[in-house]
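Per-entry structural report
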Amino acid sequence: MSSSGVVPVTLAEIARLAGVGRAAVSNWRRRHPTFPGRTGGTDVNPQFSMDEIEVWLRENKKIKKSAEREWLWPRFEALGGRDETGLAVAEVGRRLAGREPAGTGLPPEAYQLVERAVGLGRSEGAAETFEFLVRRWLDVHVRQISTTPEPLAALMAELALRTAAGPTAGGDRTTVMDPACGTGHLLAAAAGAAVFAGPGAVALTGGDRDPVLAALARARLDLTARDGDRPLIDVRAGDSLRTDPFAGTPADIALCNPPFNERDWGYEELATDARWSHGLPPRTEPELAWVQHCLARLRPGGSAVLLLPPAVAARRAGRRIRGALLRTGHLRAVVALPPGCAPPHSVSLHLWVLRTPDAQEAARVGGRVLLADAASRFPRASARDSAPDWDAIGAFVRDAFEGADGTGTQRSGYVRSVPAIELLDDEVDLTPGRHIAPSPADTGRRLSQSWKEFGELATGMGRSARLLAALDLAADAADRPTATTVAELARAGALTLRAGQQPLEGTVGEGEPADGGLPLLSVPDLMTDGAPHGWIAHDDVSASGATVAEAGDVIVVGVARVFSAWVHDGPPTVLGPQLHAVRVQPEQLDAWFLAGSLRAPANARQAGTHTSSSSRVDVRRLQVRQVSLGEQRRYGEAFRELAAFERMVRHAGDLGAGLVRDLGNELAAGRLSGGA
């Protein structure tokens, strides 16, 4: 919050708060003399007082009731830094859950805002209001805080409950522990999945070294607990590896998404710790420290499910501990998830399912390990290819656990029950894909689907090719229309040209956008698979005045090496440097005609600043023929068909390469029917 107590908002933020486009806000500002004056910013990106804007919008009946929660977050964000805002959100959750106020840790100006949020939560839904504020807080700090997506958290909780023996030692509650609980997603999922354990049969214990995250987790659990079936909840702040706040509390289930790749986890001071019964974790293997911590806190018959990076299954430094986990029968399953299931979204994360042997199991050494390769079963071109199909992934994992019969026979070619001794070689590599070959039946189904899709593509390309081949390309006409440039069209008001920007440091997330986030397209993306690989929270987009391409805009690349222009037909997308968004006036310009005209290679050469492939293209110098709107639309339809043909050709190339690879493997394996 500024020193004057004014919460600043930009035109883009006002548009979002009012539920309209930015052009509508600019129109209000121009047409209404009572519209509040600028309080800061610049002429290009002005800022206004949020209080004054809210009063004006309410007086002019331009606030949608559904947007009431949107007015809370900018005020929370203005309270200060990460901790001040997070503690204020946690305080909202505490009060909505009926708990006594914390009373400390909040700036004085926060209490009135907390009361406003509590009042709104009581009228519009306590849990919903709290979750809205938490999501916005996480969006702002997405690079510092990783969370477990709800579908994955629910799957982990289900697996743990499925494999655990249930309450022991005379207890009547299933105790669930998360030693690195963050904001409580895994414990909340355990509370929801505990219906299998019976009413009132769960106790939730969580710890996190960050007191703000611990406060948010406690508030979330208090709000998600059901009346009449309220679990015991105990969440404390503390470093579970160094000073475990629950050292004397055994658990039936452990769920954990630990910090990845942290070198300062306590290697020196914990070298002789009793928890390392399978070996001292190397300094470079902190995840194996968390694995052993969870096992050490489990009762006999208890189970643990951890989300780990794939390198933990194969790094040479951890092979002795992995071998010990196999020999003692603690490691029961490893599941490779498709990329995009959780941060970091670019890799195939693994689920490790572990269990502490009970008295009978302890007499048996080794046993079998279930390996499930969901990454191969649900292949994706990239983490941004599409959102994970959680229904299909969940069904696959459940079937894998239900289908194991202890003899290696499975219901899926992507699942295998492996004797532990088979994994105890020099590498002790537990990566599922290293030990599973898809069955001929699975490969056959994939080939059949691919050939069907390839046939449909071939039909579509044939139709498109006939249309394009039938175009009557006349000889060079003497009355060729004169050409104009993008700059001249912009001066005439026929289009607006906006250049992409370098995102602010710390604002770019990886993988699927969180709620309210927009995908970020960059030139490096276009040099790989062409899909956005980053995203920016909506608040950061608004604050930075970033260029956002909407559906129907023409995107132009200003780098010669990947020069192109196309009509954008996806979701609103933030553009990085050397990308440009062109918005046409439809009564003067046809977007498809403009895109097709701009992307002509000869046009790029003329507008290029140098001759090398890394040179820039001056988009303002790109030329467009001056023809009537009707003629533009005629050419626009041809350009549209040409773009569709190009997409089909590229897709057919990728699909054909996969067919050649898979069919070649099958033929090499001798699976051709018949023969001499």
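Reference entry: report on the structure contained in this document. Keep in mind that what you see is a predicted model, and the values were worked out from it rather than measured.

Rules of the game
The residue numbers shown here count from 1 along each chain, following its written sequence. Restriction of local features to residues with pLDDT of at least 70 applies here, the model being predicted, together with a cutoff of 80 or more for giving and counting side-chain atom pairs; totals for whole chains, interfaces and linings are based on all residues. Think of the side-chain values as coming from all heavy atoms in the structure, minus any hydrogens and water. Helix and strand labels come from DSSP, where a helix needs a run of H or I of at least four residues and a strand needs a run of E of at least two; each type is numbered from the N terminus. Only protein chains enter the calculation, and the probe is 1.4 Å; a residue is then buried if its accessible area is under 20% of its type maximum, exposed if over 50%, and partly exposed in between. Two strands are said to pair when DSSP picks up at least two bridges between them. Orientation is described by axes fitted as lines to C-alpha atoms, over the contacting stretch for helices, and by angles from 0 to 180 degrees between their N-to-C directions. Two residues form a contact once any of their heavy atoms are found within 4.5 Å. Aromatic contacts are taken between Phe, Tyr and Trp rings whose centres are within 6.5 Å, Trp giving its six-membered ring; a plane angle under 30 degrees counts as stacked, one over 60 as edge-to-face, and the others as tilted.

**Quick word on the environment of glutamate 91**
Within the fold, glutamate 91 resides in helix 5 (residues 82-96). Glutamate 91 gets classed as buried once you look at its relative accessible area, which sits at 2%. Taking C-alpha positions, glutamate 91 is 8.8 Å from leucine 106, a pair spaced 15 residues apart along the chain.

**Overview of the sheet that holds strand 8 (residues 298-308)**
The strand order across the open sheet built from 9 strands is 6-5-4-7-8-10-9-11-12, with neighbouring strands paired in mixed fashion. Edge strands, defined here as strands with exactly one partner in the open sheet, are strand 6 (232-237) and strand 12 (415-419). Mean inter-strand twist for the sheet, computed between neighbouring axes without regard to direction, equals 15°. Bridge analysis of strand 4 (residues 174-178) against strand 5 (residues 202-208) gives 5 bridges, and the strand direction is parallel. Each bridged residue has a counterpart across the sheet, and for valine 176 the counterpart in strand 5 is leucine 204. Lying over the sheet, helix 10 (residues 211-224) contacts strand 5 and strand 6, oriented at roughly 170° with respect to strand 6.

**Focus: the packing of aromatic side chains**
Summed over all chains, the structure comprises 7 aromatic pairs. Between tryptophan 265 and tyrosine 267, the aromatic rings sit 6.0 Å apart at their centres with planes inclined by 75°, giving edge-to-face as the arrangement. By relative accessible area, tyrosine 267 is classed as partly exposed at 24%. Connected via pairs of aromatic rings, a cluster forms that spans Trp28, Phe35, Phe48 and Trp56.

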